Amino acid sequence: MEFSSTIRVSDLNDFIAPSQDCVVALNGKLKTVETAEEVQLQPRVRAAAAGAAAPPGSLNAPAPGDPVKVSLHDCLACSGCITSAETVLLQQQSGDEFLAKLADRGLAVVVTVSPQSRAALAAYFGLSPAATLARLAGWLKGLGAVAVWDLTTARDLVLLEEAAEFVGRFRATSSGGSNGAGDAAASSSGGPAATGEAAPGPLPMMASSCPGWVCYAEKTHGAKVIPYMSTTRSPQGAMGGLVKSLVAAAWGVSPAALYHVTIMPCYDKKLEASRDELTITADEAAAVAAGPAAVAGESGSDMEVDGGAAAAAGGGANGVSSSGRVAEVDCCLTTGEVLQLLQQRPPPGCSAQALLADPSAPCAAPDPLLPPPPASLAASSSSSAGLAVAAGGVLLPPPDDRLYGLRDASSSGGYSDYVFRAAARELAGVELPAGPLPWRALRNADFQELTLEVPALGAGQVLRFARVYGFRNIQTLLRQVKMGRCGYQYVEVMACPGGCLNGGGQPKPPPGAGASPQQLLEQVEAAYAHGDVAARAPADNPAVALLYSRWLGGRPGSAAAQRLLHTTYREREKTVNTAMVANW
């Protein structure tokens, strides 16, 4: 099974689809032969005296030809080694591992599907988004998954938190409370406050839902950039916290008894799933399920842990580390990997060619966020934690059972569009009309800006937002930030040119379809904006309202919300020697 995409270094769009071969290999030579699913990183050999022993960690150790073990924590998110020619076997997050966990009777496997993956599969099979999700859920439940969720509620929570965080930062900066990276270093490098709300960070606030961008910032720019990054989790991270706390408590099981799988458009989401910060203990999960009072009454420990001590993968039973922490997302599969699984395990009664497009494909409705416990777990659902969650009521799907999303917003989650509208309303008292916002392209189509004069804040005050996609544009932005010349207050940052719909884990055009990758991308964009997906503001989501009223402190930005829906960042060492990818 392929895991990776490739890169090119000569074009502004510094990401290309997985259909092309690697252009640079680590040993300085072009690869001509595809290899099996094993590590093929070959370090360069330095000239050394005959018989001289290689010092530990040097470039000529291990010996040439020996595979080099590389974990997700080693990845620099540069695509310089995880390519179609040098494939890294990510054993803990693969289709084979997913199938193995489905066969484990001691685990309840649950799956979350991202809107971008749903749109990609809809375009691939020529289906509507609703039909795609229903058939995907039917197939997954046929394999043994006990619940399948759409990511919409987690995304709505994240958008509300992101807007509240930005408004707080803007007001603090305007009042002189925080005007630089130094002022916010403590709040951004430490954990969210357990008994109070975290201090606002500086501007510009940069969205942090893209794990490729986060990894690049932590390992390349460190403390110079981290304070500017939004502490709000990505939708995947938020959903992981909800599953391993509220769902586990409602079903009366420990977080480790749930195996949470996400389907995402990007390989870098595997990096995010492996982050130490996105782990939880059974005690922390129970405190979240008990409500804000229990969270506020804890001793002050947060979800941040040191170094690699909390890596969930590989340690202990069912992913529990030696410190008792468990990953909130156990396995992330890309859309392309799910397509490969579909081809390996076609839905019952469906042809190997049609798959989900076959009219006989089994269907199932996506589950509400807190569904009743499956039959295999029903006997244990009467625990005190489960009763505490049940007291809040089971979240039911809307009566029309529709999919919901933001209209006229970016396909990467709509961060900049939603936050801009919320800021205009909160800071300027302006309710912007429905419809596309007037974004203006600057350097290229992946560097855009949006402005609004705010007389209520004083003469000459302007809200200035940007969308910055692709590492070439990101580097331009960061040079401005580090020189103190960035004129934006908020930036939606994504590593992939074109955003998440163009993620490296999305499927290639079907064989024989005659469509180019660009044409397929246009079809995916059309599916993402399909009429099946009704427009709805995040605050109008009834599940969101119940979550805030019962478990998240009543409003975005509360201490309870920061505990579950925010995260931390830290400067990280480059565990793979940069000389190994110097010719990339």
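Remember, it's a predicted structure, so these values are computed and weren't measured experimentally.

K.L.:
Looking at this model, I keep getting lost on the overall build of the chain. Mind explaining?
P.N.:
Scanning the chain from terminus to terminus reveals 17 helices and 13 strands. By residue count, 56% of the 584 residues in the chain fall in the buried class. When contacts within the chain are restricted to residue pairs at least 6 apart in sequence, long-range pairs at least 24 apart make up 77% of them. About 22700 Å² of surface is accessible on the chain, with carbon and sulfur atoms providing 54% of the total.

K.L.:
Teacher, can you tell me more about helix α14 (residues 471-482) here?
P.N.:
Residue pairs spaced three or four apart in an α-helix point in one direction, given the helix's 3.6 residues per turn. End to end, α14 covers 16 Å across 12 residues, agreeing with the expected 16 Å (1.5 Å per residue, within 8%). Considered for burial, the residues of α14 that qualify are Phe471, Asn473, Ile474, Thr476, Leu477, Leu478 and Val481. Here the buried face of α14 lies against β3 (205-206), α6 (211-221), β9 (440-444), β10 (447-453), β11 (462-469) and β12 (490-494). In the stretch just after α14, Gly484 is the one whose phi turns positive, near 75°.

K.L.:
Looking at this model, I keep getting lost on the pairing of β10. Mind explaining?
P.N.:
For a regular strand, side-chain orientation follows a simple rule: the groups alternate between the two sheet faces. Counted residue by residue, β10 has 5 buried out of 7 residues, so it is predominantly covered. Here β9 runs beside β10; their pairing, made up of 3 bridges, is antiparallel. Note on β10: the bridge partner recorded for Ala441 is Gln448. Following β9, the chain reverses through 2 residues before pairing antiparallel with β10.

K.L.:
Please explain the pattern of salt bridges as it appears in this structure.
P.N.:
Following the criterion strictly, the structure yields 20 salt bridges and no others. In this structure, Glu449 engages Arg440 in a salt bridge whose closest nitrogen and oxygen atoms are separated by 2.4 Å. Using a relative accessible area of 47% as the deciding quantity, one classes Arg440 as partly exposed. Residues Glu449 and Arg464 are paired through a salt bridge, measuring 3.8 Å at the closest nitrogen-oxygen approach. Here Arg464 lies in strand β11 and Glu449 lies in strand β10, a separation of 15 residues in the sequence. We classify Glu449 as buried; its relative accessible area is 8%. One network of salt bridges, in which partners are shared, links Glu218, Arg275, Asp276, Glu277, Arg570 and Arg572.

K.L.:
What is the right way to look at the packing of aromatic side chains in this model?
P.N.:
Each pair of aromatic rings is reported with the distance of its centres and the angle of its planes. Considering all chains together, one arrives at 8 aromatic pairs under this definition. Both rings, one in Phe420 and one in Phe465, keep their centres 5.0 Å apart while their planes meet at 85°; by these two values the pair is edge-to-face. On the criterion of sequence distance, the pair formed by Phe420 in helix α13 (residues 415-428) and Phe465 in strand β11 is long-range, its members being 45 residues apart. Across this residue pair, the class does not change: Phe420 and Phe465 are buried. Between Arg467 and the ring centre of Trp439, over which it is positioned, the NZ or CZ distance is 4.2 Å. Geometry around Tyr404 places Arg536 over its ring, the cationic atom sitting 3.8 Å from the centre.

K.L.:
How should the sheet that holds β3 be read in this particular structure?
P.N.:
Strands belonging to one sheet form pairs held by backbone hydrogen bonds; the direction of such a pair is parallel or antiparallel. With mixed pairing, 5 strands are arranged side by side in an open sheet as β3-β12-β11-β10-β9. Each of the sheet's edge strands pairs with one partner strand only, and the pair in question is β3 and β9. Note: β11 against β12, 5 bridges, orientation parallel. Residue pairing across strands places Arg467 opposite Glu492, the latter belonging to β12.

K.L.:
In this structure, what is going on with the pairing of strand β4 (residues 258-264)? I would like to understand it.
P.N.:
Among the 7 residues that make up β4, 7 are buried, leaving the element largely enclosed by the rest of the structure. Neither face of β4 is open: one carries Leu258, His260, Thr262 and Met264, the other Tyr259, Val261 and Ile263, and all of them are buried. As paired strands, strand β1 (residues 108-113) and β4 are joined by 6 bridges and run parallel to one another. Bridging from a neighbouring strand, Val109 pairs with Tyr259 of β4. Note: β4 against strand β7 (residues 331-334), 4 bridges, orientation parallel. Bridge pairing in β7 links Thr262 to Cys332.

K.L.:
I'm lost on helix α2 (residues 115-125) in this one. Help?
P.N.:
Taking burial as the measure, the 11 residues of α2 include 11 buried ones, the bulk of the element. Every buried residue belonging to α2 is among Pro115, Gln116, Ser117, Arg118, Ala119, Ala120, Leu121, Ala122, Ala123, Tyr124 and Phe125, and all of these are buried. Gly126 sits one or two positions beyond α2 and adopts a positive phi of about 70°.

K.L.:
Quick question: what am I supposed to make of unusual backbone geometry here?
P.N.:
For residues other than glycine, phi is negative in most cases, and the peptide bonds are mostly trans. Each neighbour pair has its own omega, and for Leu203 with Pro204 the value is 5°, a cis peptide bond. Relative to the assigned elements, Pro204 resides in the loop between α5 (181-189) and β3. Positive phi values are uncommon outside glycine, yet Leu355 reaches one of about 55°. With respect to the secondary-structure elements, Leu355 resides in the loop between α11 (335-344) and α12 (384-390). Not every positive phi belongs to a glycine, and Asp408 is a case in point at roughly 55°.

K.L.:
Quick question: what am I supposed to make of the state of the cysteines here?
P.N.:
Chemically, a disulfide is nothing more than a covalent bond linking the sulfur atoms of two cysteines. Per the counting criterion, the structure on display carries 0 disulfides. Left without a disulfide partner, Cys266 is nearest to the cysteine sulfur of Cys496, which lies 5.0 Å away.

K.L.:
When you look at empty space enclosed by the protein in this model, what are you seeing that I'm missing?
P.N.:
The full count for this structure, using the stated rule, is 3 cavities of 30 Å³ or more. Forming the walls of the largest cavity are 23 residues, and the residues nearest its centre are Gln116, Ser209, Lys269, Ser412 and Cys500. Of all the elements in the fold, those that place two or more residues in the lining of the largest cavity are α2 and α7 (235-250). The residues that make up the lining of the largest cavity include at least three from each of domain 1 (84-151 + 235-292 + 322-370) and domain 2 (154-175 + 199-233 + 403-565).

K.L.:
Looking at this model, I keep getting lost on the environment of Leu450. Mind explaining?
P.N.:
Among the structural elements, Leu450 can be located in strand β10. Its relative accessible area of 2% is what places Leu450 among the buried residues. As a C-alpha pair, Leu450 and Arg464 span 14 residues in sequence and 5.8 Å in three-dimensional space.

Thresholds, definitions, all that
- Residues numbered from 1 in each chain as written.
- Predicted model: local features only at pLDDT ≥ 70, side-chain atom pairs only at ≥ 80, totals over all residues.
- Heavy atoms only, no water.
- Helix = DSSP H or I, 4+ residues; strand = E, 2+ residues; numbered from the N terminus.
- Buried < 20%, exposed > 50% of the residue type's maximum accessible area, 1.4 Å probe, protein only.
- Contact = heavy atoms within 4.5 Å.
- Areas by Shrake-Rupley, 256 points an atom, 1.4 Å probe, with all protein chains shown as cover.
- Expected span 1.5 Å × (residues − 1).
- Pairing = 2+ DSSP bridges.
- Salt bridge = Lys/Arg side-chain N within 4 Å of Asp/Glu carboxyl O.
- Phe/Tyr/Trp six-rings, centres within 6.5 Å; stacked < 30°, edge-to-face > 60°.
- Lys NZ or Arg CZ within 6 Å of the ring centre and 35° of its normal.
- Disulfide = S-S within 2.5 Å.
- 1 Å grid on protein atoms, 1.4 Å probe; cavity = no way out; pocket = protein on both sides within 12 Å on 5 of 7 lines; lining within 4 Å.
- Points joined across faces, edges and corners; volume = space filled by probe spheres on them.
- Domains from an automatic or database assignment.

Function cannot be read off these values alone, since they describe shape.
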